[in-house]
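One letter stands for each residue in the lines below.
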Amino acid sequence: EPEVTQTPSHQVTQMGQEVILRCVPISNHLYFYWYRQILGQKVEFLVSFYNNEISEKSEIFDDQFSVERPDGSNFTLKIRSTKLEDSAMYFCASYKGTERKGEQYFGPGTRLTVT
Amino acid sequence: AQTVTQSQPEMSVQEAETVTLSCTYDTSENNYYLFWYKQPPSRQMILVIRQEAYKQQNATENRFSVNFQKAAKSFSLKISDSQLGDTAMYFCAFMSSFDTDKLIFGTGTRLQVFP
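Residues numbered from 1 in each chain as written. Chains lettered and ligands numbered in written order. Predicted model: local features only at pLDDT ≥ 70, side-chain atom pairs only at ≥ 80, totals over all residues. Heavy atoms only, no water.

Caption draft 1: Looking closely at the state of the cysteines. All names here are of chain A. Following the criterion strictly, the structure yields 2 disulfides over all chains and no others. In this model cysteine 23 forms its disulfide with cysteine 92; the gap between the sulfur atoms is 1.9 Å. Of note, the bridge from cysteine 23 to cysteine 92 carries an S-S torsion of about -65° and is left-handed in sense. With cysteine 23 in strand β3 (residues 19–24) and cysteine 92 in strand β9 (residues 88–95), the pair connects residues that are 69 residues apart, well separated along the chain. (Disulfide = S-S within 2.5 Å. Helix = DSSP H or I, 4+ residues; strand = E, 2+ residues; numbered from the N terminus.)

Okay, here's the thing in structure tokens:
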């Protein structure tokens, strides 16, 4: 069964450094998302992406964040200058875009630790 | 703004027994979607069940069923014949039907199934 994959599973970085989190959505899916979960808190929406552009973003998704689909398979989240509060689990998700609205398939997550 | 509340941080149940996880939400909309996602330890979130608000019939998926009370804005998940593999974090989520496809999550309920 097709799955969303994410790399790396764990990333440790120093404050102020740039990080790129990578996701490979399910191949015939058209809508892509990033969510994050700070330890012990709820999962929060960051951004949705369709047709090579951002369709919606939350107030968390400020100028330090960007997303890209550089080729036909990868979907990346870049944090330009990481802060301690960016430490969280980051989940990528994808949706086919036909019926069954909301049926998003999630990846296993990347745990980002900012020191 | 829509909110989702899960008031039970932790639940436990014995194998083969039935357990109900609670979820309430707040919205002024009439049409929307509700979901339960399961997050096993160290694995990605998996969609368990989906409910469309305009459908009065409660959704069921094998051992999983919901009790959707639209007027009360309640959406509980019943797991029958609990199995050890049901041990996981369970998240309730809401999605508006209007011009957005972001999921709004509750804080989760950690379910432990004991032999």
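Caption draft 2: Broad picture of unusual backbone geometry. Going from threonine 7 of chain A to proline 8 of chain A, the amide bond is cis rather than trans, its omega being -10°. Tracing the backbone shows proline 8 of chain A in the loop between β1 (5–7) and β2 (10–13). At alanine 16 of chain B, a residue that is not glycine, the phi angle is positive and equals roughly 80°. With respect to the helices, strands and loops of the structure, alanine 16 of chain B is situated in the loop between β2 (10–14) and β3 (19–21).

Caption draft 3: Fine view of the packing of aromatic side chains. Within this structure, the stated rule accounts for 21 aromatic pairs over all chains. Ring centres of phenylalanine 106 of chain A and tyrosine 37 of chain B lie 5.3 Å apart, and the angle between their planes is 80°; on these two criteria the pair is classed as edge-to-face. In this pair, phenylalanine 106 of chain A is assigned in strand β10 (residues 105–106) and tyrosine 37 of chain B in strand β5 (residues 32–39), connecting two distinct chains. When its relative accessible area of 3% is taken as the criterion, phenylalanine 106 of chain A is described as buried. In this structure tyrosine 37 of chain B comes out as buried when scored by relative accessible area, which is 0%. Both rings, one in phenylalanine 68 of chain B and one in phenylalanine 75 of chain B, keep their centres 6.3 Å apart while their planes meet at 80°; by these two values the pair is edge-to-face. (Phe/Tyr/Trp six-rings, centres within 6.5 Å; stacked < 30°, edge-to-face > 60°. Buried < 20%, exposed > 50% of the residue type's maximum accessible area, 1.4 Å probe, protein only.)

Caption draft 4: Focus on the interface of chain A and chain B. Each partner contributes to the interface: chain A provides 20 residues, whereas chain B provides 21 residues. In total, about 1800 Å² of surface goes out of reach between chain A and chain B, with carbon and sulfur atoms giving 52% of it. Joining chain A to chain B, the criterion identifies 1 salt bridge. One salt bridge connects glutamate 56 of chain A with lysine 102 of chain B, and the closest N-O pair in it is separated by 3.7 Å. (Contact = heavy atoms within 4.5 Å. Buried area = accessible area lost by both parts, 1.4 Å probe. Salt bridge = Lys/Arg side-chain N within 4 Å of Asp/Glu carboxyl O.)

Caption draft 5: Local environment of the sheet that holds β3 of chain A. Residue and element names in this part refer to chain A. Taken together, 4 strands build an open sheet; the order of strands is β1-β3-β8-β7 and the sheet is antiparallel. Sheet topology places β1 and β7 (65–68) at the edges, where each strand pairs with a single neighbour. Each strand axis lies, on average, 20° off the axis of its neighbour in the sheet, ignoring direction. Relative to strand β8 (residues 75–79), β3 is paired through 5 bridges, and the arrangement is antiparallel. From the neighbouring strand, leucine 21 faces β8, where its bridge partner is leucine 77. (Pairing = 2+ DSSP bridges. Axes fitted to C-alpha atoms, helices over the stretch in contact; angles between N-to-C directions.)

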